[in-house]
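Descriptive analysis of the structure
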Amino acid sequence: MFDEKLIVFPEDSFAAKEDVIRCLTHLENSRVLDADRYEQAVLEREASFATYTIDGVAMPHAKSEGVGEAFVAFARLKTPVPWGTEFGEDARIVFLIGVPQAADGEQNNNLHLKILAALSKKLIHESFRQKLSEAASEKEVYQLLQEIEEDFR
């Protein structure tokens, strides 16, 4: 589910959450078959309901024919970006979740919910969010995220 190559600390500042989503959906990622199609699905999902969760964390996600295999990308932003619908709901940590959708419209809802639940289970702990915020490297974040992957199995 996690890949160290999909953990990034972008140097750029982003003006809007759409810019962050564009950046993350277009990372080099063998699990994405069509980045533009996947990006559109994430933007549509985000437009219907903002994915800001708690304490500077957002979890944009989508099921898309542009995704071949489920994955989670991670970004720790240099500057927080307005994400939620309420004042102060700015995201600095972003988990981008991609889940495949079959061409005939069938969706793997169960997998999608399992990923969200596994992430949420760890993110409710302030100490875990703090570790993600203070990690010195992408490798260190990857090691932290392996705890989620172990719980997911």
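Scroll up to find the structure this text is about.
Throughout this document, residue positions are counted from 1 along each chain, in the order its sequence is written. Note on the predicted model: pLDDT of at least 70 is required for a residue's local features to be given, and 80 or more for side-chain atom pairs to be given and counted; whole-chain, interface and lining totals, by contrast, use all residues. Calculated side-chain values reflect all of the structure's heavy atoms, with hydrogen atoms and water omitted.

With that settled, consider the packing of aromatic side chains. Aromatic contacts are taken between Phe, Tyr and Trp rings whose centres are within 6.5 Å, Trp giving its six-membered ring; a plane angle under 30 degrees counts as stacked, one over 60 as edge-to-face, and the others as tilted. All chains considered together, the criterion is met by two aromatic pairs. Seen from their ring centres, Tyr38 and Phe71 are 5.7 Å apart, and the 70° between their planes marks the pair as edge-to-face. Here Phe71 lies in strand E5 (residues 71-82) and Tyr38 lies in helix H2 (residues 35-48), a separation of 33 residues in the sequence. Comparing Tyr38 with Phe71 shows no difference in burial state: the two are buried. Summarising the aromatic geometry, the rings of Phe74 and Phe95 are spaced 5.2 Å apart at their centres and angled 70° between planes, so their arrangement reads as edge-to-face. In this pair, Phe74 is assigned in strand E5 and Phe95 in strand E6 (residues 90-100), connecting sequence segments 21 residues apart. No difference in accessibility class separates Phe74 from Phe95, as the two residues are buried. The rule is short: NZ of Lys or CZ of Arg within 6 Å of the ring centre and within 35 degrees of the ring normal puts a charge over the ring. Seen from the ring of Phe9, Arg76 lies directly overhead, with NZ or CZ sitting 4.0 Å from the centre. The secondary structure listing takes helices from DSSP runs of H or I that are at least 4 residues long and strands from runs of E that are at least 2 residues long, numbered from the N terminus. In this scheme, a residue with accessible area under 20% of its type's maximum is buried, one over 50% is exposed, and one in between is partly exposed, where area comes from a 1.4 Å probe on protein chains only.

Grouping buried Ala, Val, Leu, Ile, Met, Phe, Trp, Tyr and Cys residues that are joined through side-chain atoms within 4.5 Å yields what is termed a nonpolar core. Of all hydrophobic cores here, the largest spans 25 residues; its most connected members are Phe74, Phe95, Leu119, Leu132 and Leu145. Of all the secondary-structure elements, those providing two or more residues to this core are strand E1 (2-8), E5, E6, helix H3 (109-123), helix H4 (126-134) and helix H5 (138-152). Among the elements that make up this core, the one with the highest residue count is H3 (five residues). Of all hydrophobic cores here, the second largest spans 24 residues; its members include Leu6, Val8, Tyr52 and Trp83.

All right, on to the side chain of Glu39 then. Its place among the elements puts Glu39 in helix H2. Excluding residues that lie within four positions of it along the chain, Glu39 makes contacts with Ile21, Arg22, Thr25 and His26. Contacts between residues were defined by any pair of non-hydrogen atoms, one from each residue, lying within 4.5 Å.

Moving on, we get to unusual backbone geometry. Unusually for a residue other than glycine, Asp55 sits at a positive phi of about 45°. Considering the arrangement of structural elements, one finds Asp55 in the loop between strand E2 (52-54) and strand E3 (57-58).

Secondary-structure assignment places Ala35 in helix H2. A C-alpha to C-alpha distance of 21 Å links Ala35 and Arg76, two positions 41 residues apart in sequence. Those residues in contact with Ala35 that lie beyond four places of it in its chain are Thr25 and His26.

These results come straight from atomic positions and should not be treated as a statement about function.
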